Amino acid sequence: MTGSAVARFQAVTKRFGESTAVEDVTFQVPSGRIVGLLGRNGAGKTTSLRVLLGLTAPSAGTATVFGQPYSELPDAARRVGVCMDGIGAVTGATGRRDLMVWATALGLPPSRVDAVLEQVGLADSADRKIKNYSTGMRQRHALATALLADPELLVLDEPTNGLDPDGIRWLRNFLRSLADEGRTVLLSSHLLAEVEQTVDDVVILQKTLRYCGSLSDLTAGGSVSLESRFFELVDTGSGAASLA
Ligand SMILES: Nc1ncnc2c1ncn2[C@@H]1O[C@H](COP(=O)(O)OP(=O)(O)OP(=O)(O)O)[C@@H](O)[C@H]1O
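Residues numbered from 1 in each chain as written. Predicted model: local features only at pLDDT ≥ 70, side-chain atom pairs only at ≥ 80, totals over all residues.

Identification of the protein as ABC transporter domain-containing protein from Streptomyces haneummycinicus is taken from an unreviewed UniProt entry. In its Sequence similarities (unreviewed entry) section, the UniProt entry covering the protein states "Belongs to the ABC transporter superfamily." (UniProt positions renumbered as here; feature names shortened; annotations may be inferred.)

Here's what the structure looks like:
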């Protein structure tokens, strides 16, 4: 992985009672890259993102964004855009109204609402109630919320959930355009074929770190599939090629 680190996990462990969700995980998210956090159900992806965003405290280790714990980062809500279950829409409101509430809370001008509605392709549906949106439209709306403050880092938990093939292709191109502008994207997923077309770097978790580095290195420049490498790494429990 190249570039300066926007986010860093340093020896992060998270226990819930007797069980350990994430164990001694160290990796970094380089600036300007799209980084896919991959793992099976229950591998610790969401827990890791929650630790990074200060939503849950690590049992050991540290996670930092722009060099500081999220909770101590000035302007954190503007610098980091987040799409995650449980954070988001007041569903009785229209899309536009909900975004206006967030924009006001973040001290942003109303023009940002129109800008993000255009960006995510919801301008024509902005005056409908979110509760009447399709799942894919809700995903786009959540992304619009995350983009409001024009953040440097986007953290997206399973962003393709509920998107149809058009939506997935749109998201892929959209994330690439953000990275081309120098923004950084950290997204979690278990859709390996999709991730393979989207990300620059890969972090594979199965409670412990199994790989951290470029997609190209992992797949030998595309000659081995991400899926094959994924199963080798998560099933053997070895080969944690950490470039952190
Ligand atoms: N609040 C909690 N209390 C107890 N256990 C938890 C809690 N949150 C997560 N866990 C456990 O931690 C482990 C990791 O869960 P996590 O949600 O981070 O995995 P994930 O990789 O995001 O999975 P998925 O792909 O299914 O979303 C699981 O065994 C889960 O049951």
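Relative to the elements of secondary structure, glycine 92 occurs in the loop between β5 (80–83) and α3 (95–105). Classification of glycine 92 as exposed rests on a count of 10 C-beta atoms within 10 Å. Contacts of glycine 92, omitting those with residues within four sequence positions, involve Lys129 and Lys131. (Helix = DSSP H or I, 4+ residues; strand = E, 2+ residues; numbered from the N terminus. Buried ≥ 20, exposed ≤ 12 C-beta atoms within 10 Å, placed from the backbone. Contact = placed C-beta atoms within 7 Å.)

Right, let's talk about the confidence of the model for the protein for a bit. Mean pLDDT over the protein stands at 91; residues scoring 70 or higher make up 93%. The element-level mean pLDDT for the protein is lowest in strand β10 (residues 241–242), coming to 46, with strand β4 (residues 60–65) highest at 98. What the predictor reports for the complex is a pTM of 0.92 with an ipTM of 0.96. (pLDDT = per-residue confidence, 0-100.)

Running from N to C, helix α4 (residues 111–120) and helix α5 (residues 135–147) point in directions that differ by 135°, and their axes come no closer than 9 Å. One element, α4, and the other, α5, form an angle in the oblique class. The interaxial crossing formed by α4 with α5 has right-handed handedness. For the pair α4 and α5, contact is made by Val116, Leu117, Gln119 and Val120 and by Arg140, Leu143, Ala144 and Leu147, respectively. A class-by-class count of the residues in the contact of α4 with α5 yields 6 nonpolar, 1 polar and 1 charged. (Axes fitted to C-alpha atoms, helices over the stretch in contact; angles between N-to-C directions. Parallel < 35°, antiparallel > 145°, perpendicular 65-115°, else oblique. Left-handed = near helix turned anticlockwise from the far one by under 90°. Nonpolar A, V, L, I, M, F, W, Y, C, P; charged D, E, K, R; others polar.)

To continue, consider the sheet that holds β4. With respect to topology, 3 strands assemble into an open sheet ordered β2-β1-β4, the strand pairing being antiparallel. Every interior strand has two partners, whereas the edge strands, β2 (19–30) and β4, have only one. Adjacent strand axes in the sheet meet at a mean angle of 15° when their direction is disregarded. Relative to β4, strand β1 (residues 5–16) runs antiparallel, the two being bridged by 5 bridges. Its bridge partner being in β4, arginine 8 is matched across the sheet by threonine 64. The sheet contacts of helix α1 (residues 45–52) involve β1, β2 and β4, and relative to β1 the element is tilted by about 115°. (Pairing = 2+ DSSP bridges.)

Turning our attention to the environment of aspartate 201. Within the secondary structure, aspartate 201 sits in strand β8 (residues 201–206). Given 26 C-beta atoms within 10 Å, aspartate 201 falls into the buried group. C-alpha of aspartate 201 to C-alpha of serine 216: the two residues are 15 residues apart in sequence and 8.0 Å apart in space.

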